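# Fold and geometry: a report
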Amino acid sequence: MLRLPRFKYLRPKHAREAAGMAAELGARAMFVAGGTDLFPKLKRRQFEVDTLIGLDFLSRSIHNGGAECFVDAGVTLASAAADPHLMRGFRGYAEAAGLVSSPPLRNAGTAGGNLCVDTRCNYYDMTYEWRKAAGFCLKKDGDICLVAPSSPRCWAVSSSDTAPMAIALDGVVTLVGTDGERELPVARLYRDDGIDYMAKQPSEVVTGLRLRAEPGTTSAYVKLRRRGSIDFPIAGAAVTMRLEGELIARCRVVLSAVASHPLEASAAEAFLKGKRPEADAFHEAAEIAARPAKPLDNADLSHFWRKRMVRVVVEQALQLASTRAGGSAVKLSGHT
Ligand SMILES: Cc1cc2nc3c(=O)[nH]c(=O)nc-3n(C[C@H](O)[C@H](O)[C@H](O)COP(=O)(O)OP(=O)(O)OC[C@H]3O[C@@H](n4cnc5c(N)ncnc54)[C@H](O)[C@@H]3O)c2cc1C
Ligand code: SF4
């Protein structure tokens, strides 16, 4: 049985205090919210810290502000998935939260933790003994990428379900650091780097997420994974759509699990603007969206198949968002 290492647990009363502790302790400490990702990784010695800074002071409310919705970072994924405001105006976010892992983990895992969750790789999410036998890798304890040995960088995969949806919903996070509070669009919260994957300061605490949607915007999240529960995404599509009359006025498409950061499919968004929400347009847009997705052989199932399935999940998410926008309920076109 894998055991947690010994660690000191600090219990700050507010975010500023937590940020101060993190700034002082540096790489020796990490924040812990629900612990659903952190604790298994501590057991596998993927993180080696001697102190955890508890974030149980984080608020746990969801406030509806009409075209905006404020989700406190301490809200559990289970609460977000069942929240009536989110279900009504920001359904794709509730959907993404409800598709994370399994019910017990959604009861503990938080909205803030899901945005900050570590990138994943088959060569890294293993026990210490397994990684030692394999020779370790760049992301932890080694000096070579085992997936792409000639690459100078790590290609671990961004695997948060809610992050792409938060980007598609023009989300903005509130960050509290030692110097005070600031806002940052979720689209700028990530780096295309499997190791240094977050653009915020390590000592900054995510305290909330503000989602925004113009009236009439609909959203949908479609996730592909091996089993119907527990598994991380191996491809996912977050879509928002707003129609004006019979035409698409705005559409955002953000992919999960195909890069080290949530990948916005800007070319597909531009292609759909002004088009009728119809099956042929969605099929072509999904082809365009899938082009920049370059899954590597470091997640579940074959990466060739995953690449082909990106098109399918995008097409499904576009059709779902369109149906919710009042577009005709087009049946899946069967292009697989
Ligand atoms: C078996 C299994 C299956 C899983 N499946 C999925 C899945 O399908 N989809 C998915 O998205 N995730 C999945 N997860 C990962 C995890 O359960 C979720 O991402 C969860 O939302 C993490 O939230 P948490 O509050 O538990 O974060 P924690 O585990 O407490 O923390 C995760 C990371 O975020 C940091 N952190 C947490 N909160 C904050 C904050 N407010 N400010 C700054 N940093 C913070 C921590 O320091 C840590 O680095 C799975 C995990 C397991 C073990
Ligand atoms: S992508 Fe390469 S460096 Fe990154 S975790 Fe996987 S094997 Fe390690």
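Residues numbered from 1 in each chain as written. Chains lettered and ligands numbered in written order. Predicted model: local features only at pLDDT ≥ 70, side-chain atom pairs only at ≥ 80, totals over all residues. Heavy atoms only, no water.

Another aspect to go through is the overall build of the protein. Across its full length, the protein holds twelve helices and twelve strands. Taken over C-alpha atoms, the radius of gyration comes to 20 Å for the protein, in line with the 20 Å a tight globule of 336 residues would show. On the principal axes, the C-alpha backbone points of the protein span a range of 60 × 45 × 35 Å. Across the 336 residues of the protein, 53% fall into the buried class. (Helix = DSSP H or I, 4+ residues; strand = E, 2+ residues; numbered from the N terminus. Rg over C-alpha atoms; globule rule 2.2 N^0.38 Å. Buried < 20%, exposed > 50% of the residue type's maximum accessible area, 1.4 Å probe, protein only.)

Our focus in this paragraph is the sheet that holds strand β11 (residues 247-256). In space, the four strands of this open sheet follow the order β9-β10-β11-β12, with antiparallel pairing throughout. Since the sheet does not close on itself, it has two edges, and those belong to β9 (218-224) and β12 (263-264), each with one partner. In the sheet, β11 pairs with β12 via two bridges, with the strands oriented antiparallel. Following the sheet pairing, V254 is matched in β12 by E264. (Pairing = 2+ DSSP bridges.)

This part is about helix α12 (residues 303-324). Taking 1.5 Å of rise per residue, 22 residues should cover 32 Å, and α12 covers 31 Å from first to last C-alpha, within 8% of that figure. In the structure, α12 departs most strongly from a straight axis at M309, where the bend amounts to approximately 30°. Capping the start of α12 is the job of one residue whose side-chain oxygen sits 3.2 Å from the backbone nitrogen of F304: S302. Positive phi shows up at G326, right after α12, with a value of about 95°. (Expected span 1.5 Å × (residues − 1). Bend = angle between axes of the 7 residues up to and from the residue. Polar contact = N/O pair within 3.5 Å; in protein donor to acceptor, adjacent residues only side chain to side chain.)

Okay, the side chain of D37 next. Tracing the backbone through its elements, the reader meets D37 in the loop between β2 (29-32) and α2 (38-43). Every residue in contact with D37, bar those within four places of it in the chain, is listed here: V117, D118 and F232. (Contact = heavy atoms within 4.5 Å.)

Near ligand 1 you find 34 residues, and of these F31, T36, T110, D161 and K223 are the closest. In the model, an oxygen atom of ligand 1 is placed 2.6 Å from a nitrogen or oxygen of the F31 main chain. Between ligand 1 and V206 there is a distance of 2.9 Å, counted from a nitrogen atom to a backbone nitrogen or oxygen. Protein coverage of the free-state accessible area of ligand 1, which is 970 Å², stands at 92%. Of all the elements in the fold, those that place two or more residues in the shell around ligand 1 are β2, α7 (111-116) and β8 (205-212). At four residues, the largest contribution of residues to the shell around ligand 1 is made by α7. (Near = heavy atom within 4 Å. Areas by Shrake-Rupley, 256 points an atom, 1.4 Å probe, with all protein chains shown as cover.)

Now for unusual backbone geometry. We note that R45 has phi near 60°; this positive angle belongs to a residue other than glycine. Relative to the helices and strands, R45 is located in the loop between α2 and β3 (51-54). For F136, which is not glycine, the phi dihedral falls at a positive 60°. By the element assignment, F136 lies in the loop between α8 (128-134) and α9 (162-168). Note on F136: relative accessible area 14%, which makes it buried.

Our next topic: the confidence of the model for the protein. Per-residue confidence for the protein gives a mean pLDDT of 95; residues scoring 70 or more make up 97%. Within the model, pLDDT remains below 50 along residues 329-336, and this stretch shows 14 contacts once partners closer than five positions in the same chain are excluded. (pLDDT = per-residue confidence, 0-100.)

A word on the nonpolar core. In terms of nonpolar packing, the biggest core is built from 50 residues, with V71, L86, Y93, V173, V186, L209 and L211 touching the most fellow members. Contact partners of L211, with chain neighbours within four places excluded, come to A67, E68, C69, V71, L86, F90, Y93, A166, L169 and G171. (Core = buried A, V, L, I, M, F, W, Y, C linked by side-chain atoms within 4.5 Å.)

According to the stated counting rule, one finds 28 salt bridges in the structure shown. With a closest N to O distance of 2.8 Å, D56 and R11 form a salt bridge. Of this pair, D56 sits in the loop between β3 and β4 (62-65) while R11 sits in the loop between β1 (8-10) and α1 (15-25), placing them 45 residues apart in sequence. Its relative accessible area of 39% is what places D56 among the partly exposed residues. Take R11: its relative accessible area is 60%, and that puts it in the exposed class. (Salt bridge = Lys/Arg side-chain N within 4 Å of Asp/Glu carboxyl O.)

On to the packing of helix α11 (residues 279-290) against α12, then. Taken N-terminus to C-terminus, the directions of α11 and α12 make an angle of 140°; their axes are 8 Å apart at the nearest point. Here α11 lies oblique to α12, going by the angle between them. Considering only the axes of α11 and α12, their crossing is right-handed. Along the contact surface, α11 presents A279, F282, H283, A285, A286, E287, A289 and A290, while α12 presents K307, V310, R311, V314, E315, L318, Q319 and S322. Among the residues making up the contact of α11 with α12, the classes are represented as nine nonpolar, three polar and four charged. (Axes fitted to C-alpha atoms, helices over the stretch in contact; angles between N-to-C directions. Parallel < 35°, antiparallel > 145°, perpendicular 65-115°, else oblique. Left-handed = near helix turned anticlockwise from the far one by under 90°. Nonpolar A, V, L, I, M, F, W, Y, C, P; charged D, E, K, R; others polar.)

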